[in-house]
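Here's the letter readout for the chains.
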Amino acid sequence: MPVYRVYQHSKKKSYQAVPVGFSLGAFLASFLWAAANNLWGKAFLLFMGFLMLGGAAVVGALLNSPMLMLAAIAGIALLPLWAGTQGQQWYCDKLEKEGYQLVKRINTQSATNAINSAKRSDKVAEENVKHSKQPKQEGPRFGKDFRDIRDNSAAGSNQPPPQDFSARPWKKGR
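What you see is a predicted model, and the numbers here were worked out from it, not measured in a lab.

Calculation rules
Every chain's residues receive numbers from 1 upward, in the order its sequence appears when written. A pLDDT threshold of at least 70 governs which residues receive local features in this predicted model, and a stricter bar of 80 or more applies before side-chain atom pairs are shown or counted, although totals over entire chains, interfaces and linings include all residues. The basis for every side-chain value is the complete set of heavy atoms in the structure, and neither hydrogens nor water enter the calculation. Only runs of H or I of at least four residues qualify as helices and only runs of E of at least two qualify as strands under DSSP, and these elements are numbered from the N terminus. Multiply 1.5 Å by the residue count of a helix minus one, and that product is the helix's expected span. Any residue under 20% of the maximum accessible area for its type is buried, any over 50% is exposed, and the rest in between are partly exposed; the area is computed with a 1.4 Å probe on protein chains only. We call two residues contacting when some pair of their heavy atoms lies within 4.5 Å. Axes, fitted as lines to C-alpha atoms, cover a helix only where it is in contact. Angles between the N-to-C directions of the axes lie from 0 to 180 degrees. Every angle not falling under 35 degrees, over 145, or within 65 to 115 is termed oblique; those three ranges are roughly parallel, roughly antiparallel and roughly perpendicular. Classification used: nonpolar for Ala, Val, Leu, Ile, Met, Phe, Trp, Tyr, Cys and Pro, charged for Asp, Glu, Lys and Arg, polar for all others including Gly. Here the rule is simple: two strands pair whenever DSSP picks up at least two bridges between them.

The subject of this paragraph is helix 2 (residues 40-62). Taking 1.5 Å of rise per residue, 23 residues should cover 33 Å, and helix 2 covers 33 Å from first to last C-alpha, within 8% of that figure. Among the residues of helix 2, those classed as buried are Ala43, Leu46, Gly49, Ala56, Ala57 and Gly60. Residues of helix 2 that are buried in the fold lie against helix 1 (24-36) and helix 3 (66-97). Phi turns positive, to about 55 degrees, at asparagine 64, one or two residues after helix 2.

Below, the structure is given as structure tokens:
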């Protein structure tokens, strides 16, 4: 079952699902796939790479240089492989630059199912926030607060921190 990364735009409230792994479209169509996904810099690099390596193969054939021709053909074969392995990551980086944030990674059959699952979990989280009496925390929070690890106390507890926590060993005598 494929894994999808689900991104949500904070202002538009829109979702995008991107599959994780090899991109067959980027492998088969390289610079056309990049241009279709508005990855103009990558599309330009791939197009120029194909032109230059194609030109090198032609020059190698005209000069009867098998090493130049084989190196150019190998480069032409490796460019789509590079695009296929990195294509999904390029698209994820583009989404993050546009203001999307990763909200979920999920195993599911399709991108639509991944987006619907993210929407459901977002609704459940909103309902839990409405029913809880604690104020909503800003930003994502993963795992324990550093105080939990430091002194085995609950986050927000009124226990004083350990004495050496605020120590400044580089400022001796003050």
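The description of two helices packed together rests on the angle between their axes and the distance between the axes. Contact geometry for helix 1 and helix 3: axes closest at 8 Å, N-to-C directions at 70 degrees. Classified by the interaxial angle, the pair formed by helix 1 and helix 3 is roughly perpendicular. Within the contact between the two elements, helix 1 uses Ala26, Phe27, Ser30 and Trp33 and helix 3 uses Pro80, Leu81, Ala83, Gly84, Gly87, Gln88 and Trp90. Tallied by class, the residues present in the contact of helix 1 with helix 3 amount to seven nonpolar, four polar and no charged.

What follows is about the pairing of strand 2 (residues 15-19). As paired strands, strand 1 (residues 3-9) and strand 2 are joined by five bridges and run antiparallel to one another. The residue of strand 2 that forms the bridge with tyrosine 4 is proline 19. Between the end of strand 1 and the start of strand 2, which pair antiparallel, lie five residues, with lysine 13 showing a positive phi angle near 55 degrees.

Here we come to the sheet that holds strand 2. Judged by pairing direction, the sheet is antiparallel, and its three strands sit side by side in the order 2-1-3 without closing on themselves. Two strands lie at the open edges of the sheet, namely strand 2 and strand 3 (100-107), each paired on one side alone. Geometrically, the sheet is characterised by an average inter-axis angle of 25 degrees between neighbouring strands, direction not taken into account. The pairing of strand 1 with strand 3 spans seven bridges and is classified as antiparallel. Looking across to strand 3, one finds that histidine 9 is bridged to tyrosine 100. The strands touched by helix 3 are strand 1, strand 2 and strand 3; relative to strand 2, the strand with the most contacts, the crossing angle is about 160 degrees.

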